[in-house]
Amino acid sequence: MKVLTKRLCLAALGIGAVLLVAGCGGVRKSTVPLATVLETQRCTRQADTLLVMLPGAYSTPDEFEREGFVEAVRENRLAVDTMLVDAHLGYYNDRTVLQRLDADVIAPARRQGYRQIWIVGISLGGFGGLLYAQTHPGELAGVVAIAPYLGERTLSTDIANAGGLAKWNGPLDSGAATPRTPNETQLWQWLRGYAGYTQTAGARPPLYLGYGLDDRFAFSHRLLAGALPAERVFTTEGGHDWPEWRRLWQRMLPTLSLPGCPG
């Protein structure tokens, strides 16, 4: 297994408490532009909806193919294209993941005619998808976060001790502008908006959360789940691995507001 098989280290960087190289090893260097693979649908001449899939820390885009994520889109007869993005841990460590997603993935997709863009992220990719939604308000049609990394346990504990995200009295943003390089506290502040708070700036796309009940990050997942509509939260038995993520995706995909194939 390539995704988070090693014990990962945490430290605060410009985009939050993300996974670091120190003591972890095996991290690839980032390149420009981001490597991508486009999988087009077969039922319409040109799709106007794109699913951008972001992998986990040590995963590669081809795993979305191998684990049936792309095939599930075809089996559900969805008129959407899928882009597999090699946004690995290196881009988080050098703090360029948001810049590269914008310049190499989202902006070109807009120019190519995609009107609705979703991000589907697993583990660290879920973290990246949420960060992108936070820092680029109004750009995404939806976010699917499967077993997302959500920062250090200490902050999640503070939120839980406050009675949950809706009651958490963490520091609020000034509201003057959405930060372009957020940290994990700012991300949770933004996520408060899903619990009914409106103090932080920017539109929030529909957010769908899926996780294993024994996932290593399940404590944080449950906090976020408490702020979301029940129909947008999916759980399964098991932990932090592809069998669980595959089951979750198969259940989540038919519930998303995506265009179907004609006929």
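Note: the structure precedes this text.
Criteria and cut-off values
Residues numbered from 1 in each chain as written. Predicted model: local features only at pLDDT ≥ 70, side-chain atom pairs only at ≥ 80, totals over all residues. Heavy atoms only, no water. Salt bridge = Lys/Arg side-chain N within 4 Å of Asp/Glu carboxyl O. Helix = DSSP H or I, 4+ residues; strand = E, 2+ residues; numbered from the N terminus. Buried < 20%, exposed > 50% of the residue type's maximum accessible area, 1.4 Å probe, protein only. Axes fitted to C-alpha atoms, helices over the stretch in contact; angles between N-to-C directions. Left-handed = near helix turned anticlockwise from the far one by under 90°. Contact = heavy atoms within 4.5 Å. Nonpolar A, V, L, I, M, F, W, Y, C, P; charged D, E, K, R; others polar. Parallel < 35°, antiparallel > 145°, perpendicular 65-115°, else oblique. Phe/Tyr/Trp six-rings, centres within 6.5 Å; stacked < 30°, edge-to-face > 60°. Lys NZ or Arg CZ within 6 Å of the ring centre and 35° of its normal. Polar contact = N/O pair within 3.5 Å; in protein donor to acceptor, adjacent residues only side chain to side chain.

**Here we look at the pattern of salt bridges**
And then number 1: Going through the model one piece at a time under the given rule, you end up with eight salt bridges.
And then number 2: For Arg-74, the salt bridge is made with Glu-71, and the minimal N-O distance between the two is 3.2 Å. Of this pair, Arg-74 and Glu-71 both sit in helix α2 (residues 69-75), three residues apart, which is roughly one turn of the helix.
And then number 3: The partly exposed category is assigned to Arg-74, whose relative accessible area is 26%.
And then number 4: Because the salt bridges share partners, they merge into one network encompassing Glu-63, Arg-66, Glu-67 and Arg-246.

**Observations concerning the packing of helix α6 (residues 153-161) against helix α7 (residues 184-191)**
And then number 1: One can describe the packing of α6 onto α7 by two numbers: an axis separation of 10 Å at closest approach and a directional angle of 35°. Like other packed secondary-structure pairs, α6 and α7 cross with a definite hand, here right-handed. Across the interface between the two elements, Leu-155, Ser-156 and Ile-159 of α6 pack against Glu-184, Thr-185 and Trp-188 of α7.
And then number 2: Of the residues assigned to the contact of α6 with α7, the class counts are three nonpolar, two polar and one charged.

**Some words on the packing of helix α5 (residues 124-135) against α7**
And then number 1: α7 packs onto α5 with a crossing angle of 70° between their chain directions and a minimal axis gap of 10 Å. Comparing their axes, α7 and α5 come out roughly perpendicular. For the crossing formed where α5 meets α7, the hand is left-handed. Between α5 and α7, the residues in contact are Phe-127, Leu-130, Leu-131, Ala-133 and Gln-134 and Gln-186, Leu-187, Trp-190 and Leu-191, respectively.
And then number 2: Classifying every residue of the contact of α5 with α7 by side-chain character gives seven nonpolar, two polar and no charged.

**A word on the packing of aromatic side chains**
And then number 1: Evaluation of the coordinates by the stated rule reveals nine aromatic pairs.
And then number 2: Between Phe-64 and Trp-242, the ring centres sit 5.8 Å apart and the planes meet at 90°, which makes this aromatic pair edge-to-face. Here Phe-64 is found in helix α1 (residues 62-66), whereas its partner Trp-242 is found in helix α9 (residues 242-252), with 178 residues between them in sequence.
And then number 3: Exposure remark for Phe-64: the relative accessible area of 1% places this residue in the buried category.
And then number 4: Geometrically, the ring pair formed by Trp-118 and Tyr-208 is tilted, given 6.0 Å between the ring centres and 40° between the ring planes. You can see Trp-118 sitting in strand β6 (residues 116-122) and its partner Tyr-208 sitting in strand β8 (residues 207-212), a full 90 residues away along the chain.
And then number 5: For Trp-118, a relative accessible area of 3% puts it in the buried group.
And then number 6: Taken together, the ring pairs connect Phe-64, Phe-69, Trp-242, Trp-245 and Trp-249 into an aromatic cluster.
And then number 7: The ring of Phe-219 has Arg-153 sitting right over it, with the charged end atom 3.8 Å from the ring centre.

**Here we look at the side chain of Glu-39**
And then number 1: On the secondary structure map, Glu-39 appears in strand β3 (residues 36-39).
And then number 2: For Glu-39, a relative accessible area of 19% gives the class buried.
And then number 3: Within the local environment of Glu-39, its side chain forms a polar contact with the side chain of Arg-74, the two groups lying 3.3 Å apart.
And then number 4: Setting aside residues no more than four positions away along its own chain, Glu-39 makes contact with Glu-65, Val-70, Arg-74, Asp-81 and Thr-82.

So, to be careful, I would describe these as geometric facts and stop short of saying anything about function.
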